[in-house]
Amino acid sequence: MPLPNTGPLITVTTMANGDGSLDFEFRTLMIMAGTTNDVMYRLVDNEVNPTTELRSACMTIAAQ
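So, here's what we can say about the structure. Given the structure is predicted, the values throughout are model-derived calculations rather than measurements. (Residues numbered from 1 in each chain as written. Predicted model: local features only at pLDDT ≥ 70, side-chain atom pairs only at ≥ 80, totals over all residues. Heavy atoms only, no water.)

What follows deals with the overall build of the protein chain. Looking only at helices and strands, the protein chain has 0 helices and 4 strands in total. What you see in the protein chain, going N to C, is helices and strands ordered as β-β-β-β. Taken over the C-alpha trace, the protein chain has a radius of gyration of 14 Å; the compact-globule value for 64 residues is 11 Å, which it surpasses by more than 25%. Reported as C-alpha extents along the three principal axes, the dimensions of the protein chain are approximately 35 × 25 × 20 Å. Here the protein chain holds 64 residues, and 2% of them are scored as buried. Considering only residue pairs separated by 6 or more positions, the protein chain has 31% of its internal contacts joining residues 24 or more positions apart. (Helix = DSSP H or I, 4+ residues; strand = E, 2+ residues; numbered from the N terminus. Rg over C-alpha atoms; globule rule 2.2 N^0.38 Å. Buried < 20%, exposed > 50% of the residue type's maximum accessible area, 1.4 Å probe, protein only. Contact = heavy atoms within 4.5 Å.)

With that out of the way, let us pick up the pattern of salt bridges. Tallying each qualifying case throughout the model produces 2 salt bridges. Put simply, Glu-53 and Arg-42 hold a salt bridge, and the shortest N to O gap is 2.9 Å. Of this pair, Glu-53 sits in strand β3 (residues 53–55) while Arg-42 sits in strand β2 (residues 42–44); the two residues are 11 residues apart in sequence, bridging distant segments of the chain. Owing to a relative accessible area of 38%, Glu-53 belongs among the partly exposed residues under this scheme. Residue Arg-55 is joined to Glu-53 by a salt bridge in which the shortest nitrogen-to-oxygen separation is 2.4 Å. Overlapping salt bridges, with partners in common, bring together Arg-42, Glu-53 and Arg-55 in one network. (Salt bridge = Lys/Arg side-chain N within 4 Å of Asp/Glu carboxyl O.)

A cluster of nonpolar side chains, namely Ile-10, Leu-22, Phe-24, Phe-26, Met-30, Ile-31, Tyr-41, Met-59 and Ile-61, defines an oily patch on the protein surface of about 860 Å² accessible area. Structurally, Ile-61 is set in strand β4 (residues 59–62). Note on Ile-61: relative accessible area 32%, which makes it partly exposed. (Patch = residues over 30% accessible without salt bridge, like charges linked within 9 Å, V, L, I, M, F, W, Y side chains within 5 Å. Areas by Shrake-Rupley, 256 points an atom, 1.4 Å probe, with all protein chains shown as cover.)

Tracing the backbone through its elements, the reader meets Ile-10 in the segment before β1 (36–39). The exposure class of Ile-10 is exposed, given its relative accessible area of 59%. Along the chain, Ile-10 and Ser-56 lie 46 residues apart, while their C-alpha atoms are 18 Å from each other.

Along the chain, Asn-46 turns up in the loop between β2 and β3. Classification of Asn-46 by relative accessible area gives partly exposed; the value is 36%. Between the alpha carbons of Asn-46 and Ile-61 there is a distance of 26 Å; along the sequence they are 15 residues apart. A polar contact is formed between the side chain of Asn-46 and the backbone nitrogen of Asn-49, at a distance of 2.9 Å. (Polar contact = N/O pair within 3.5 Å; in protein donor to acceptor, adjacent residues only side chain to side chain.)

What follows is the structure in structure tokens.
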């Protein structure tokens, strides 16, 4: 999630079956503490012409 955060993009390496993990922190003043929302993350190998896609399960995120 490079925007609105600054910093270099990172590469996520997965196992042959697609398993992998990534820890990150997303901070913004626009989301109030206690706000919840349901999200699903989508990871592609190429933004313009993707050939591989990984999707997370749907999960509820709570702002702290």
